[in-house]
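# Observations on chain architecture
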Amino acid sequence: MKKSSILILIAICLFSCSKPSKEASITGEIKGLGTDTLYLYGMDELRDRIDTIFTKDDKFAYTIPVDTITPAFLLINNQIEYPIYLDKGNKIKIKGDISNPEYLHIEGNIYNQEFTAFQEDLRGLGTPSEKVLEQKAEEFIRGHHSSFVSLYLLDKYFVQKDSPDFNKIKKLIEVMAGVLQDKLYIERLNESISQAEKTEIGKYAPFFSLPNVKGEKISRTSENLKKKNLLINFWASWGDSIANQNSNAELREIYKKYKKNKYIAMLGISLDLNKEQWKDAIKRDTLDWEQVCDFDGFNSEVAKQYTIRQIPANILLSADGKILAKDLKGEKLKKKIEEVVSAAEEKDKKDNKKRNNQ
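Residues numbered from 1 in each chain as written. Predicted model: local features only at pLDDT ≥ 70, side-chain atom pairs only at ≥ 80, totals over all residues. Heavy atoms only, no water.

## Observations regarding the overall build of the protein
A tally of helices and strands in the protein yields eleven helices and 15 strands. Whereas a compact globule of 358 residues would reach a radius of gyration of roughly 21 Å, the protein reaches 27 Å, over 25% beyond that. For the protein, with 358 residues in total, the buried portion stands at 41%. If you sum the accessible surface of the protein, you get close to 20800 Å²; carbon and sulfur atoms cover 50% of it. The distance from the centre of the 57 positive side-chain charges to the centre of the 54 negative ones in the protein is 4 Å. (Helix = DSSP H or I, 4+ residues; strand = E, 2+ residues; numbered from the N terminus. Rg over C-alpha atoms; globule rule 2.2 N^0.38 Å. Buried < 20%, exposed > 50% of the residue type's maximum accessible area, 1.4 Å probe, protein only. Areas by Shrake-Rupley, 256 points an atom, 1.4 Å probe, with all protein chains shown as cover. Lys, Arg positive; Asp, Glu negative; His and termini not counted. Charge placed at Lys NZ, Arg CZ, Asp CG, Glu CD.)

## Here's the deal with the environment of Pro312
Assignment of secondary structure puts Pro312 in the loop between helix H10 (301-305) and strand S14 (313-317). Residues Pro312 and Asn248 lie 64 residues apart in sequence; the distance between their C-alpha atoms is 9.2 Å.

## Concerning unusual backbone geometry
Glycine aside, negative phi is the norm for most residues, and most peptide bonds take the trans geometry. Following Ile311, the chain continues to Pro312 via a peptide bond in cis, the omega torsion being 0°. Positive phi, normally seen in glycine, also occurs at Asp58, with a value near 75°. Looking at the secondary structure, you find Asp58 in the loop between strand S3 (49-54) and strand S4 (59-65). Since its relative accessible area comes to 18%, Asp58 is described here as buried.

## Observations regarding the sheet that holds strand S7 (residues 91-97)
Across the sheet, four strands lie side by side as S4-S1-S7-S8; this open sheet has mixed pairing. Either end of the sheet is taken by a strand with one partner, and the two such strands are S4 and strand S8 (105-107). Recorded for the sheet is a direction-independent mean angle of 15° between the axes of neighbouring strands. As defined by bridge partners, strand S1 (residues 23-31) adjoins S7 across seven bridges and the pair is classed as parallel. Directly across from Glu29, in S7, lies its bridge partner Lys95. Here helix H2 (residues 110-123) sits on the sheet in contact with S7 and S8, set at roughly 160° to S8. (Pairing = 2+ DSSP bridges. Axes fitted to C-alpha atoms, helices over the stretch in contact; angles between N-to-C directions. Contact = heavy atoms within 4.5 Å.)

## Digging into a nonpolar patch on the surface
Judged by side-chain polarity, Trp238, Leu273 and Phe298 come together as a nonpolar surface patch covering roughly 320 Å² of accessible area. Residue placement: Phe298 occurs in the loop between strand S13 (290-293) and H10. (Patch = residues over 30% accessible without salt bridge, like charges linked within 9 Å, V, L, I, M, F, W, Y side chains within 5 Å. Salt bridge = Lys/Arg side-chain N within 4 Å of Asp/Glu carboxyl O.)

## A short note on the pairing of strand S11 (residues 229-235)
Of all seven residues that make up S11, seven are buried, and the element is covered over most of its length. Tracing the backbone out of S11, into helix H8 (residues 241-258) and back to the parallel element strand S12 (residues 264-270) gives a crossover that is right-handed. In this sheet, S14 lies alongside S11 in antiparallel orientation, the contact comprising five bridges. Bridged to Ile232 within S14 is Ile315. (Right-handed = clockwise from strand over helix to strand, strands pointing away.)

## Description of the domain arrangement of the protein
Each assigned domain of the protein is listed here: domain 1 (17-105), domain 2 (124-198) and domain 3 (202-351). In this assembly, nine residues from domain 2 lie in contact with seven residues from domain 3. A combined buried area of about 600 Å² lies between domain 2 and domain 3, and 36% of that area is made up of carbon and sulfur atoms. Of all residues in domain 2, Asp162, Gln195 and Lys198 bury the most surface against domain 3, accounting for 59% of the area lost on that side. Our count for the contact surface shared by domain 2 and domain 3 stands at zero salt bridges. Where domain 2 packs against domain 3, one counts two residue pairs in polar contact (both at pLDDT 80 or more). (Domains from an automatic or database assignment. Buried area = accessible area lost by both parts, 1.4 Å probe. Polar contact = N/O pair within 3.5 Å; in protein donor to acceptor, adjacent residues only side chain to side chain.)

## Brief notes about helix H5 (residues 166-174)
Along H5, the positions that sit buried rather than exposed are Phe166, Ile169, Leu172 and Ile173. All buried residues of H5 project into a common sector of 125° when viewed along the axis, lining one side. Looking at the buried side of H5, the elements it contacts are helix H3 (130-143), helix H4 (148-159), helix H6 (178-181) and helix H7 (184-197). The opening residue of H5, the one whose side-chain oxygen lies 3.2 Å from the backbone nitrogen of Asn167, is Asp165. (Arc of directions from axis to C-beta.)

## Things to note about the packing of aromatic side chains
In total, this model carries 13 aromatic pairs according to the counting rule given. Aromatic pair Phe118 and Phe140: ring centres 5.8 Å apart, planes at 75°, arrangement edge-to-face. Within this pair, whereas Phe118 is found in helix H2, its partner Phe140 is found in helix H3, the two being separated by 22 residues in sequence. Each member of the pair, Phe118 together with Phe140, is buried. The rings of Phe73, Tyr82, Phe115, Phe118, Phe140, Tyr152 and Tyr157 are connected pair by pair, giving a single aromatic cluster. (Phe/Tyr/Trp six-rings, centres within 6.5 Å; stacked < 30°, edge-to-face > 60°.)

## As for H2
Compared with an ideal rise of 1.5 Å per residue, which puts 14 residues at 20 Å, H2 spans 20 Å between its outermost C-alpha atoms and is within 8% of the ideal. Buried residues of H2: Tyr111, Asn112, Glu114, Phe115, Thr116, Phe118, Gln119 and Leu122, and no others. Buried residues belonging to H2 abut strand S6 (80-86), S7, S8, H3 and H4. (Expected span 1.5 Å × (residues − 1).)

What follows is the structure in structure tokens.
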């Protein structure tokens, strides 16, 4: 009886010991980091912080519970977001130098090793052009159909651009394996692409109706906007101050020149969340053209309709509501507006001449 009990206990012990750990351990040394704090974020749309990692004398050690492969970001120096991939039972080892935080050597699973190799390849190119970086990212994605690294490279080099090439993005998604295509990120990306294609140049702009400072609903067909070319500016009081200042200065100049022109109008659509901050910003920055806001930020239906991913942004509409241009700045914007107004004036003259000759 005793012998049987001992055998059972040994069997239980062996079984328990053989079960894979539901944790991933991270140890590392980044020379020059000293005593600092690293942050670990989930690589999802909410970017939730998973936890904090404290370093001492350039070194750190940390353990995190995980059930399945978990893509994350390691935030270094509060500036560099470095992708790291965690899975249960992994022993992740990180080495690097704070002078080059964008090049870390990470081991522990195939995805970390793949990204490390990709970064080392880029490092050997010196200072590659944007085109070369895209080519390298595309080569990786096409050669690694089921790698989670492919999702990161797709986002960094193709999605996070001022003017993404949606056809290219769709083709790269098509080569990915089902395990990647089933991810929420790809699902949301496909939805964004579908919506963005509805707001391409030449398409009719989506309808909107938003309250102005007085609470009046303003739409494309409002009295002071209808039958005019319309420059829409998306902004927020909480946006990047330098970008806001430059954009507002440019818009004030355009408004001063065209405020009495019957062929063009301007409209500011704010992504503010607080009404008083919005009103204060309008007054402070002298934004005298029509302003509207529904206080839903990037969750605003109009922001989604026009696929606004960053601000400030602008869209130029024709008098009949077609999209003529997107995100033009400086002289390009001024020149485009001059062309549109001149064309409208010329058309008006021809129409008047026809009516007078009848």
